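Report on the structure
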Amino acid sequence: MTRKQKRLAVIAGGMSFILVAVLLVMFAFSQSVAYFFMPADLAKADIKPGTRIRLGGLVAEGSVKRGQGSTVSFTVTDGTGNVPVTYTGILPDLFREGQGVVTEGAFDAASHGFVADSVLAKHDENYMPKEVADRLKKEGVWEDGKGSKGQANQGQTNQGQNTGAKGTATR
Amino acid sequence: MVLWIILAALTAAVAAILILPFARATKAASADRAGEVAVYRDQLAELDRDRAQGLINAEEAEYARAEIGRRLLAAAGAGEAGETAAPKTRKHGLATAAVTLMPPVVGLCLYLALGNPGLPDQPLEARLANPGNNVALLVAKAERHLAENPNDGAGWDLLAPIYFRSMRLGDAELAYRNAIRILGPNPVRLAGLGETLVASNDGIVTEDARAAFEQAMKLDPDNPRSRFYVGLGFEQAGRAAEARAQFETIAKASPPDAPWMQLVNQHIARNGGTVVSGKGTAQALGNPSQADMAAAENMSQGDRQAMVRGMVDSLAERLKQDPNNLEGWVRLVRSYAVLGDKPKAEEALKSGLKQFPSSGELVALANEMGLAVEGVAQ
Amino acid sequence: MIIEIGHYALVLALATALILSVLPVIGARRGDAAMMALAPTGSLVLFALVTLSFGALTWAYVVSDFSVANVWENSHSLMPLIYKYSGVWGNHEGSMLLWLLILVFFSALVAVFGGNLPDTLRANVLAVQAWISTAFLLFILLTSNPFLRLDPAPAEGQDLNPVLQDFGLAVHPPLLYLGYVGFSVCFSFAVAALIEGRIDAAWARWVRPWTLAAWTFLTAGIAMGSYWAYYELGWGGWWFWDPVENASFMPWLAGTALLHSALVMEKREALKIWTVLLAIMTFSLSLLGTFLVRSGVLTSVHSFATDPTRGIFILCILAIFIGGAFVLFAWRAPMLKAGGIFAPISREGALVLNNLILTVATATVLTGTLYPLILETLTGEKISVGAPFFNMTFGLLMLPLLVAVPFGPVLAWKRGDLLGALQRLWVFAGLSMFAGLAFFYIQNGGPVLAIFGLALGFWGMIGALADLWYRGNFAKVGFSVGVKRLIGLPRSVFGTAIAHFGLGVTVLGIFAATTFGTETVVEMKQGASVDVGGYSLTYDGLRDAVGPNYTESRGHFAVSRGGVEVADVWSSKRLYTARRMPTTEAGILTFGLSQLYVSLGDAMEGGGMVVRIWWKPFILCIWGGALVMMAGGFVSLSDRRLRVGAPSRKAKPVKARLEAAE
């Protein structure tokens, strides 16, 4: 091989590696990305059982039922729609009725209920997941305060705690 | 004043240090690439070591030596060329002016806009040592004292009603219980405990509360406050006759123009008794219309509402002064909603959300109570 | 008064930074020694001022001065003293001040130990550092000022977020920032070199200690953060591919690439342009991380202040610095002379492969992190990209690198010779093994991948040792001569071997813990037992306890093996009273390198508790490996060659710097 050929071979090798990476990324996106929905959207969208989605909203007051063992059922609501959710495992510390929550999982074909395999609630007494907050704001259920001094309760954590504050439960 | 002197000194020091390089005699620009040459010399030395240890073969070493040598020559050559340029002495008028003016000007302008030069430091210890009339500080001081001496009954006794007035009901209950445990029961403490329990149950006289009031009544049969609550408890339990007996006892024992007579008479009436008509019972009191209306509209809820109302108003007042109390806001919104005062509830919700913009608890509460937030239909 | 002095010092620091941003650059252009000399002096003044300011804030925390809004929001008078100190950076404003402090600390280090640098380069580097300082000073003073006051002062603070009341907070952010911000020096060197339009092998040598130091601290910071999340959050995971984690991981990947490409540049003057670009990208990713974390544009399960004005401010800083640097790069890069040439199979070739894989991997992480944001902006759709995506892309892409790591150090520079050919045979051997396993995996599925992973871990460790074996030439010269030869080697060789060994340990830990680990969720009543990982846990009930600022219910478990009680463990649910915030404190038992992890769930009707128990074999290898990598970094840093070029000052600068930084 001449030097030029060698160089071409190296460049081709590099390019093909990048190509593999791009294909891999595209494939992974098609496989493992979960879309975010609120209960009200589900009426409009047609989601097949087994498709992984993220479901967010408020945990309806009085809906949390501890079932047998570690299975818990509750209702996620956004004021217009309600979705029953079951989850097996330990809920995050800050999971409470009336609090915002994001669950990830899929609808069950038989029961038509949502079976979550992870439940997220943030470690902050005022936590509202961003997606949920945005939507509630849009629908006027909730108004965002102006960044005044009353923000006291927002600036409490930092990134220094990079892995600091979080509360998720994954099965 | 001291502050300004220190700030001025700081500014002057900074400016002076920054001026220093200009004040020094300008030394010749150093041989620019001496460092570079040293690096390449070291690389050559390393090459020799590697060669000696047999880590690389002779041919490779020669190539590398040639390469490093080229770099070395280039660096050394350029360095000499650079050195031939004679050091020039320069005037630094503009630069020194900038260095002298920048710290005081930027410092002062920005600091005056941002700082609070008049506000002294306020370490908590020092403030606690000299609390003055600040109730919150006095409470904090008492709390610290009690954390160290949890058996100081008098302290608990003092703190309990303050807690109650500031709607820290959990703390109030604990304080009353501690005071009773250490100093023994007395009518005031027992009635206070009872009232705390009633308040934390939204006006319901629970078993616990009734027990406290009954014990207080036993110790001091003439205390109308305890007796009233005992009566109220009977009334809420639907035992009208027993309730009426209690209320009538109060009415008999009290002077006819006592401020509580109107309320007591309402209760007697509600529990099927006839009011002992005194001299202008109802009119003698300040502003009965609201209570009257409430009583007329909804007899069973009336006095509970009136009582809650008073508490709620005092809570609202407190929150206005110290708005940073999420629990308080939640309680206030809920109370107004329970009282059926929707405009006030919404107003409280608005103020609460302003304070705690991301409180899920308040939003959830609003949903639950069917409240709209500031002009936006749900 | 102390607080106001601290506030004023910060304002004065801005004035100083402004001066430093302009005059040294002019000085360097004109060859004006006095103006250039301003840079080191001014950098020290800047450091002193920011230290003063930081000290004032710390003092306010320690004495619980609630007239400072920031203290009131994030402290409580009854908090243990250590959390009063660490609470300074346990919030947005304070952490930005720490960021700034470390930035000017690095500037001061360059000022003190940069005596071996050409005057113009040093002046320019320090000026660029001052630009960054100016931007962050403005950011802090205008949008996140920690010195704002409250009058009248409240009587009690609102307490620090309980999750942050942990030793981890005292260590993790400073380490992480030392890493993040350390890369600013590399950035400044790159920009300064571009301004001068001249860059050569010596530049790479000068940048190297800074890259190495930043990389070492970042490694430690990430590992520490991962372990902290693991034990504090109570749900057993140690890496979640959360945007905030990715934000710290991307600079690490890019920094690792930089570390290796700078090596090529130093030895062969090749890859110049690429190295400069990497230096810019690495710090850009640090800034991007700060932006992502601070602005709240991405949904993260980590909580942080989300204030749009702050986000926009950081976005502007980001745009100016990254954009500016890239424009400068596009303008100047073509003027740089190309360096030495090399064959594909050579040390350089291996390092290029390393760079290719690392940058592509960084790009996939970046894509996965930003894709939801971009998609939401473009279409309004909200998606989440989770661990499966990253495992599939990043995980697979890194595999070839892990295979290649042991080859790099044993290849010769410029052209791999006979030895290289031998190595190539090994490559084929490895490839065949890989292909065989892949075939087996497709046929049978399951554990084969894990076997491959474990083999990969050992391969990394053994490969690192093999490197030293070859260096010592033990096979030919015998043991004692070999040891002597080893001792004669430069420290950086050992640094490389140690760091690569650590990488192997981490890989081994990751695969072992995920493959052999078990997770059990059971409902336990008092006296009930459960078997996990060869141990038997017996639950003997809940007890109530009271801490300084919390109350807790503690579950007690007796752990036995083969009928003999070996240990006991507590796991608790806490309620922090000031914020009414519940947390779970996991009980963790260490057996060798493995851990038993017990976390309490909800109470059941009838007195039972839901208990979640993980058996995590060899989990400590994950962080242990990172510690070994860090040790490798330090060993490399102590290499005397990094200090070359300081003819007048041989005063062990690197070592002194480390002591100061630790």
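What counts and how
Residue numbers restart at each chain and count upward from 1, following the sequence in its written direction. The lettering of chains begins at A and the numbering of ligands begins at 1, in the order of writing. Residues qualify for local features only when their pLDDT is at least 70, as the model is predicted, and side-chain atom pairs are given and counted only at 80 or more; totals for whole chains, interfaces and linings, by contrast, use all residues. Side-chain numbers here rest on the full set of heavy atoms in the structure, without hydrogens or water. Only DSSP runs of H or I covering at least 4 residues are called helices, and only runs of E covering at least 2 are called strands; the numbering of each starts at the N terminus. Categorising residues by exposure relies on relative accessible area from a 1.4 Å probe, with only protein chains included: less than 20% of the type maximum marks a residue as buried, more than 50% marks it as exposed, and the intermediate range marks it as partly exposed. What makes two residues a contact is simply this: any of their non-hydrogen atoms within 4.5 Å. With residues, only the protein chains shown are counted as cover, and all accessible areas are computed by Shrake-Rupley using a 1.4 Å probe. By definition here, a helix of n residues has an expected span of 1.5 Å times n minus one. The definition of a nonpolar core used throughout is a set of buried Ala, Val, Leu, Ile, Met, Phe, Trp, Tyr and Cys residues joined through side-chain atoms within 4.5 Å. For patch detection, residues must exceed 30% relative accessible area and be free of salt bridges, and they are connected within 9 Å for like charges or within 5 Å for nonpolar side chains (Val, Leu, Ile, Met, Phe, Trp, Tyr). A side-chain nitrogen of Lys or Arg and a carboxyl oxygen of Asp or Glu constitute a salt bridge if their distance falls within 4 Å. What makes two strands pair is DSSP finding at least two bridges between them. Axis lines are fitted through C-alpha atoms, for helices just across the contact stretch, and the angle between N-to-C directions can take any value from 0 to 180 degrees. Roughly parallel means an angle under 35 degrees; roughly antiparallel, over 145; roughly perpendicular, 65 to 115; everything else is oblique. Crossing handedness is read from the near helix: turned anticlockwise from the far helix by less than a right angle, it gives a left-handed crossing, and turned clockwise, a right-handed one. Just so you know the grouping, Ala, Val, Leu, Ile, Met, Phe, Trp, Tyr, Cys and Pro go in nonpolar, Asp, Glu, Lys and Arg go in charged, and all remaining residues, Gly too, go in polar. Note on aromatic contacts: the rings of Phe and Tyr and the six-membered ring of Trp form a pair at centre separations within 6.5 Å, being stacked when their planes are under 30 degrees apart, edge-to-face when over 60 apart, and tilted otherwise. The quantity known as pLDDT measures the predictor's confidence residue by residue, on a range of 0 to 100.

1. A few points about the overall build of chain B
Along its length, chain B carries 18 helices and 0 strands. Here chain B, with 378 residues, has 42% of them falling under the buried criterion. Long-range contacts, defined here as pairs at least 24 residues apart, represent 54% of the contacts in chain B between residues at least 6 apart. Working note: accessible area of chain B is about 19,500 Å², and carbon and sulfur atoms make up 58% of it.

2. Observations regarding the overall build of chain A
Counting its secondary structure elements, chain A contains 3 helices and 8 strands. In sequence order, the secondary structure elements of chain A are arranged as α-β-α-β-β-β-β-β-β-α-β. Taken over 171 residues, chain A has a buried fraction of 58%. A fraction of 59% describes how many contacts in chain A between residues 6 or more apart in sequence connect residues 24 or more apart. On chain A, roughly 7,500 Å² of surface is accessible, and the fraction owed to carbon and sulfur atoms is 58%.

3. Section: helix 12 (residues 240–253) of chain B
Compared with the 20 Å implied by 1.5 Å per residue over 14 residues, the 20 Å span of helix 12 of chain B between its first and last C-alpha is a close match. In this fold, the buried residues of helix 12 of chain B make contact with helix 10 (207–219), helix 11 (224–236) and helix 13 (261–270) of chain B.

4. Remarks on the nonpolar core
One finds W99, L100, F136, F187, F189 and W203 of chain C to be the most contacted residues of the largest nonpolar core, which totals 204 residues. With 19 residues, helix 8 (residues 201–233) of chain C is the largest single contributor of residues to this core. A212, A216, A258 and A348 of chain B belong to the second-largest nonpolar core, a separate cluster that totals 56 residues.

5. Remarks on a nonpolar patch on the surface
Taken together, the side chains of I11, M15, I18, L19, V22, L23 and M26 of chain A present a nonpolar region at the surface, about 680 Å² in accessible area. Tracing the sequence through the fold places I18 of chain A in helix 1 (residues 3–32).

6. What about the pattern of salt bridges?
All names here are of chain C. Tallying each qualifying case throughout the model produces 20 salt bridges over all chains. Measuring nitrogen to oxygen at the nearest pair gives 2.6 Å for the salt bridge that ties R149 to E4. With R149 in the loop between helix 6 (119–143) and helix 7 (167–196) and E4 in helix 1 (residues 2–30), the pair connects residues that are 145 residues apart, well separated along the chain.

7. Comments concerning the environment of F390 of chain C
Residues and elements named next belong to chain C. Along the polypeptide, F390 turns up in helix 13 (residues 387–404). Using a relative accessible area of 1% as the deciding quantity, one classes F390 as buried. Sequence spacing of F390 and L117 is 273 residues, and the spatial spacing of their C-alpha atoms is 42 Å. Those residues in contact with F390 that lie beyond four places of it in its chain are W241, N246, T364, V365, G368, T369, V385 and G395.

8. Digging into the side chain of N354 of chain C
Residues and elements named next belong to chain C. In this fold, N354 is placed in helix 12 (residues 347–379). Residue classification places N354 among the buried residues on the basis of a relative accessible area of 9%. Setting aside residues up to four positions removed in sequence, N354 forms contacts with A257, H260 and L401.

9. Describing the sheet that holds strand 5 (residues 550–561) of chain C
Residues and elements named next belong to chain C. Within the open sheet, the 5 strands sit side by side as 3-4-5-6-7. Their pairing is antiparallel. Both outer strands of the open sheet, strand 3 (529–532) and strand 7 (581–585), are each paired with one neighbouring strand and no more. Strand-to-strand twist across the sheet, computed as the mean angle between neighbouring axes with direction ignored, equals 25°. Alignment of strand 4 (residues 535–546) against strand 5, held across 9 bridges, turns out to be antiparallel. Counted as the bridge partner of L542 is G555 from strand 5.

10. A word on the packing of helix 1 (residues 2–23) of chain B against helix 1 of chain C
Helix 1 of chain C packs onto helix 1 of chain B with a crossing angle of 20° between their chain directions and a minimal axis gap of 11 Å. Looking at the two axes, helix 1 of chain B sits roughly parallel to helix 1 of chain C. Here helix 1 of chain B and helix 1 of chain C pass one another in a crossing that is right-handed. Along its contact with helix 1 of chain B, which presents L3, I6, L7, L10, T11, V14, L18 and F22 of chain B, the element helix 1 of chain C presents E4, I5, Y8, A9, L12, T16, I19 and L23 of chain C. Class assignment of the residues belonging to the contact of helix 1 of chain B with helix 1 of chain C gives a composition of 13 nonpolar, 2 polar and 1 charged.

11. A few points about the packing of helix 9 (residues 187–200) of chain B against helix 10 of chain B
Residue and element names in this part refer to chain B. Direction vectors running N to C along helix 9 and helix 10 enclose 160°, while the axes themselves pass 8 Å from each other. It follows from the interaxial angle that helix 9 and helix 10 lie roughly antiparallel. Relative to helix 10, helix 9 is oriented so that their crossing is left-handed. Where helix 9 abuts helix 10, its residues P187, L190, A191, L193, G194, E195, L197 and V198 lie against D208, A209, A212, F213, Q215, A216 and L219. Of the residues belonging to the contact of helix 9 with helix 10, the class tally is 11 nonpolar, 2 polar and 2 charged.

12. With respect to the environment of I273 of chain C
All names here are of chain C. Along the polypeptide, I273 turns up in helix 10 (residues 272–295). As a C-alpha pair, I273 and S529 span 256 residues in sequence and 63 Å in three-dimensional space. Setting aside residues up to four positions removed in sequence, I273 forms contacts with F329, A333 and L336.

13. Some thoughts on helix 13 of chain C
The end-to-end C-alpha distance of helix 13 of chain C, which contains 18 residues, comes to 25 Å, matching closely the 26 Å that a straight helix rising 1.5 Å per residue would cover. Taken together, the buried positions of helix 13 of chain C are occupied by F389, F390, T393, F394, L397, M398, L399, L401, L402 and A404 of chain C.

14. Observations regarding the sheet that holds strand 9 (residues 594–603) of chain C
To summarise the sheet geometry, strands pair through backbone hydrogen bonds and adopt either a parallel or an antiparallel arrangement. Residues and elements named next belong to chain C. Within the open sheet, the 4 strands sit side by side as 2-10-9-8. Their pairing is antiparallel. In this open sheet, the two strands that pair with only one neighbour each are strand 2 (518–524) and strand 8 (587–591). With strand direction ignored, the average angle separating the axes of adjacent strands in the sheet is 20°. For strand 2 and strand 10 (residues 609–616), the ladder comprises 7 bridges, and the chain directions are antiparallel. When the bridges of strand 10 are listed, E523 appears paired with V610.

15. Thoughts on the packing of aromatic side chains
Scanning the entire structure with this criterion turns up 37 aromatic pairs over all chains. Ring geometry for F228 of chain B against Y229 of chain B: centres 5.8 Å apart, planes inclined by 80°, an arrangement best described as edge-to-face. Classification of Y229 of chain B by relative accessible area gives buried; the value is 6%. The interplanar angle of 90° and the centroid separation of 6.1 Å between the aromatic rings of W239 of chain C and W241 of chain C together place this pair among those described as edge-to-face. Its relative accessible area of 19% is what places W239 of chain C among the buried residues. Through pairs of rings, three or more aromatic residues link up here, namely F29 of chain A together with W215, W239, W241, F249, W252, Y371, F389, F390 and F394 of chain C.

16. Describing the pairing of strand 10 of chain C
Where burial is concerned, most of strand 10 of chain C is hidden: 8 out of the 8 residues are buried. The hairpin turn running from strand 9 of chain C into strand 10 of chain C, its antiparallel successor, is 5 residues long, and G606 of chain C in that turn takes a positive phi close to 90°.

17. Topic: the pairing of strand 2 (residues 53–59) of chain A
Residues and elements named next belong to chain A. Judged by how many residues are buried, strand 2 sits mostly within the fold: 7 of 7 residues are covered. In terms of strand pairing, strand 1 (residues 33–37) meets strand 2 through 3 bridges, oriented parallel. Bridging across to strand 2, F36 finds its partner in R54. Here 6 bridges tie strand 2 to strand 6 (residues 100–107), and the two strands are oriented antiparallel to one another. Bridge pairing in strand 6 places R54 opposite E104. Sheet analysis places strand 2 next to strand 4 (residues 71–77), joined by 2 bridges and oriented antiparallel. Residue pairing across strands places L58 opposite T77, the latter belonging to strand 4.

18. Quick word on the confidence of the model for chain A
All names here are of chain A. Looking at chain A as a whole, the pLDDT averages 68, with 65% of positions reaching at least 70. For chain A, strand 8 (residues 168–170) is the element with the lowest average pLDDT, namely 35, and strand 5 (residues 82–88) is the one with the highest, namely 85. Confidence over residues 123–128 falls short of pLDDT 50; this stretch has 37 contacts with residues more than four positions distant or in other chains. Taken together, the stretch residues 141–171 has pLDDT below 50 and engages in 149 contacts with residues farther than four places along the chain or on a different chain.

19. Brief notes about the environment of A455 of chain C
By the element assignment, A455 of chain C lies in helix 16 (residues 448–472). As for A455 of chain C and P490 of chain C, which are separated by 35 residues in sequence, their C-alpha atoms are 30 Å apart.

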